[in-house]
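These are the residues of each chain, in order.
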Amino acid sequence: MKYQVVAAAYRDLEQASGRLILIDRLAVLLAQTPEELLPKVCYLCQGLVAPEFAAVDLGLAEKLALRAVATATGVEPVEVVAAVREAGDLGQAAEQLLAATAGEREPSLHVDTVVDTLHEIARAGGSGSQGRKLGLLADLLALATPLEARYLLRLVTGNLRLGIGTPTILDALAQVYTGSRKDRPVLERAYNICCDLGLVAATLASGGLTAVQKLQVRAGNPVRVMLAQRLSDAGEILTRLGGQCMAEYKYDGMRLQAHRTADGHIELFTRRQERVSSQFPDVVELLQTGLGPREAILEGEVVAYDAAAGELRPFQEVMFRRRKHGIAEAARDVPIGLFCFELLYADGEDFTGLPYLERRTRLADAITLSDRLRLTTAMEVATAPALDAAFEQAVADGSEGLVCKATGSTAIYQAGARGWLWIKLKRDYRTELADTVDLVVVGAYAGRGRRRGTYGAVLLAAYNPDAELYQTVGRCGTGFSDAELAALPARLAPLIRAERPARVDSRVPADVWFEPSLVLEVLSAELTLSPNHTAGWGQLKDDGGLSMRFPRFTGRWRDDKEPQDATTSQQLVELYRTARRAPAD
Ligand code: ATP
């Protein structure tokens, strides 16, 4: 299969908007793809050459890619720089330069060649590796058509950003291999437990839906994490959870998913599936001694913890120290503790389909507790006063609040879902009129006066997973420190787009548009109905959405969140309804 076929699909996808059109176009591509190439083409649609958690790093900075373009087209690097400046990105610049030098070239590159060469580029290391990477990329470009060059360069510099989410690709796979989209949830479950679209696609193509249904979690493949809904009333929480629940302390740290594979290696993943074992050697050590099963997947919250005093500390201390003093010193000065709350797999057995209480028993059996390797504190409660008391106790003990977990027989581990089996109750829900929300930066406005040269405000959006759209909810220019403001343009520069990205749903203009990527935490005094913003459009009022009053950046960038993990439009609608029903006292 020629790479040109993929490049042509990219071009169509980039121009299309509307989910059904995207799915249909992807389906055409996938139907054209021979079975043995399906995993590779799926990764390419994600802008990758392997599953994201495999963390294949091409190690190709834009500068090097630029030199490869110069070599392949025979123009001077300064001319490539000028073309980039004019065209806006390296991909487009390469396309234009190739059109001038080799516009008539027939497509000859194969998908296999492209992907294999990119893996070779990633593997090149040690002395002379830069030259080798450059040579390999230049060789590819010397065979590429202008359109292929555009996407090759965006792919290698990590800027493909077609904006199609994995659910859309799963829809297209379902359409091609099962004849309709109705079985997408089966594919989605499989993806959520292995994070490998290529594996799901290959299993579907070779064994059909039945084989996909049989896929199980496996040590080494991160599982997409289960998340919690939020409510602020103990009675309401209990009603939602069937009259009783297990109230677990909500520790304020960082969630880690630990995998021990059959070779004894322990890998730690963040909730975004980044590998962080090297940042937490102390956690790896704890698990090496305390984790029983040979193979296992366990989840816990790593926190700053003074074991001698039994005291939880602010987690920022850990992160700050690591950045400032390095990992070894931080491990000594700010000791951590791991509070475990899930066991998803052990020695060949997948526990994700078991009810919570059973998983908890297996978890308790699987670890040998120590000072720093702990289970989350958990209490079974069945009345609102008992839940309130548990909350007060949790806060008094230095935790953020509670995660209330359903205990019934259907309370499975819902990988990748923010369902109603877990409901969080945090301190700030009760004291603030509105809670913090995590929003995506989609645009910005030029600063004036003291803010000249940087941005004066950013345009923020919530995520609507059903429509795969980022829907605006207002501008925010408050809460940024001077240093933060000064750093904004550089932070946002790689995300600038000449036009509003198709996935950004906005009725207001912006001076600059960004690819939705960065997430920040905002505190807003109130949510109000607005004819200008699109979050929750039509849900509370026919021709209106929601906007924030007096939004304020809390200073916290949520680098641990993907844009799809931001607060959803639906959550904003619920926050609005809750605030109307129970105004803060
Ligand atoms: P927040 O902004 O409140 O941290 P979030 O959006 O990051 O929330 P939520 O689903 O709202 O994620 O809250 C669940 C998070 O709380 C988990 O991802 C985990 O990091 C943390 N946590 C702390 N203690 C527990 C616990 N006992 N059980 C489950 N998660 C816990």
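How each quantity is defined
Residues numbered from 1 in each chain as written. Predicted model: local features only at pLDDT ≥ 70, side-chain atom pairs only at ≥ 80, totals over all residues. Heavy atoms only, no water. Helix = DSSP H or I, 4+ residues; strand = E, 2+ residues; numbered from the N terminus. Rg over C-alpha atoms; globule rule 2.2 N^0.38 Å. Buried < 20%, exposed > 50% of the residue type's maximum accessible area, 1.4 Å probe, protein only. Contact = heavy atoms within 4.5 Å. Areas by Shrake-Rupley, 256 points an atom, 1.4 Å probe, with all protein chains shown as cover. Lys, Arg positive; Asp, Glu negative; His and termini not counted. Charge placed at Lys NZ, Arg CZ, Asp CG, Glu CD. Pairing = 2+ DSSP bridges. Axes fitted to C-alpha atoms, helices over the stretch in contact; angles between N-to-C directions. Expected span 1.5 Å × (residues − 1). Arc of directions from axis to C-beta. Near = heavy atom within 4 Å. Polar contact = N/O pair within 3.5 Å; in protein donor to acceptor, adjacent residues only side chain to side chain. Nonpolar A, V, L, I, M, F, W, Y, C, P; charged D, E, K, R; others polar. Salt bridge = Lys/Arg side-chain N within 4 Å of Asp/Glu carboxyl O. pLDDT = per-residue confidence, 0-100.

(A) Fine view of the overall build of the chain. Helix and strand counts for the chain come out as 21 helices and 22 strands. Its C-alpha radius of gyration of 25 Å places the chain within 12% of the 25 Å reference for a compact globule of 585 residues. Along the longest, intermediate and shortest principal axes, the C-alpha atoms of the chain span 75 × 60 × 55 Å. Taken across its 585 residues, the chain has 53% of its residues classed as buried. Counting only contacts in the chain whose residues sit at least 6 apart along the sequence, the fraction spanning at least 24 positions is 72%. A total accessible area of about 25000 Å² is found for the chain, and carbon and sulfur atoms account for 49% of it. With 67 positive and 75 negative side-chain charges, the chain shows a spacing of 3 Å between the two charge centroids.

(B) How the structure looks around the sheet that holds strand S1 (residues 227-230). Ordered in space as S1-S12-S11-S2-S10, the 5 strands form an open sheet in which the pairing is mixed. Two strands close off the open sheet at either side, each with one partner strand: S1 and strand S10 (378-381). With direction set aside, neighbouring strand axes in the sheet form an average angle of 40°. Where strand S2 (residues 245-250) and strand S11 (residues 401-405) come together, 5 bridges link them in antiparallel fashion.

(C) Looking closely at the environment of Leu387. Note that Leu387 resides in helix H18 (residues 384-396). For Leu387, a relative accessible area of 0% puts it in the buried group. Residues Leu387 and Cys404 lie 17 residues apart in sequence; the distance between their C-alpha atoms is 9.0 Å. Setting aside residues no more than four positions away along its own chain, Leu387 makes contact with Ala234, Ile237, Leu238, Cys245, Ala247, Val381, Leu402 and Cys404.

(D) Main features of the pairing of strand S12 (residues 418-426). Most of S12 sits out of view: 7 of its 9 residues are buried. Direction of pairing for S1 relative to S12: parallel, over a ladder of 4 bridges. Note on S12: the bridge partner recorded for Arg230 is Lys424. Note that S11 and S12 share 5 bridges and pair antiparallel. Within S12, the position partnered with Leu402 by the bridge is Leu425.

(E) Expanded view of H18. Given a rise of 1.5 Å per residue, 13 residues ought to cover 18 Å, and the 18 Å separating the end C-alpha atoms of H18 matches this to within 8%. The set of residues buried in H18 consists of Leu387, Ala390, Phe391, Ala394 and Val395. Taken down its axis, H18 places every buried residue within 130° of arc, on the same side. Across from the buried face of H18, at angles greater than 90 degrees, the exposed residues are Pro385 and Ala396. Once H18 ends, the next one or two residues include Gly398, with phi positive near 95°.

(F) View of the site of the ligand. Neighbouring the ligand are 19 residues; Arg271, Glu301, Lys424, Lys426 and Lys561 lie closest to it. Take Tyr249: an N or O atom from its main chain is 2.9 Å from a nitrogen atom of the ligand. Interatomic distance of 2.6 Å between a side-chain N/O atom of Glu301 and an oxygen atom of the ligand. For the ligand, whose free accessible area comes to 610 Å², the fraction covered by protein is 94%. Listing elements by their share of the shell around the ligand, those giving two or more residues are S1, S2, S11 and S12. Among the elements that take part in the shell around the ligand, S12 stands out by supplying 4 residues, more than any other. Here the shell around the ligand is built from residues that sort into 7 nonpolar, 1 polar and 11 charged.

(G) Highlighting unusual backbone geometry. Positive phi values are uncommon outside glycine, yet Cys195 reaches one of about 55°. Mapped onto the secondary structure, Cys195 falls in the loop between helix H11 (184-194) and helix H12 (197-213). A residue is classified by how much of its surface remains accessible, and Cys195, at 4% relative accessible area, is buried. With phi around 40°, Asp347 is a residue other than glycine that occupies positive phi space. For Asp347, the location among the structural elements is in the loop between strand S7 (336-346) and strand S8 (349-350).

(H) Main features of the pattern of salt bridges. Taken as a whole and assessed by the stated rule, the structure comprises 30 salt bridges. Put simply, Arg11 and Asp12 hold a salt bridge, and the shortest N to O gap is 3.3 Å. In this structure, the salt-bridge partner of Arg154 is Asp89, at a minimum N-O distance of 2.8 Å. With a gap of 65 residues between them, Arg154 in helix H9 (residues 146-156) and Asp89 in the loop between helix H5 (77-87) and helix H6 (90-102) connect regions that are remote in the sequence. Each member of the pair, Arg154 as well as Asp89, carries the same accessibility label: buried.

(I) Structural view of the confidence of the model for the chain. For the chain, per-residue confidence averages 91 on the pLDDT scale, and residues scoring 70 or more make up 97% of the total. Low confidence marks residues 429-433, where pLDDT is under 50. Its contacts with residues over four positions away, or in another chain, come to 16 contacts.

(J) Representation of the side chain of Ser547. For Ser547, the position within the fold is in strand S21 (residues 545-549). Each residue touching Ser547, except ones within four places of it in the same chain, is listed here: Val473, Glu526, Leu527, Thr528, Ser530 and His533.

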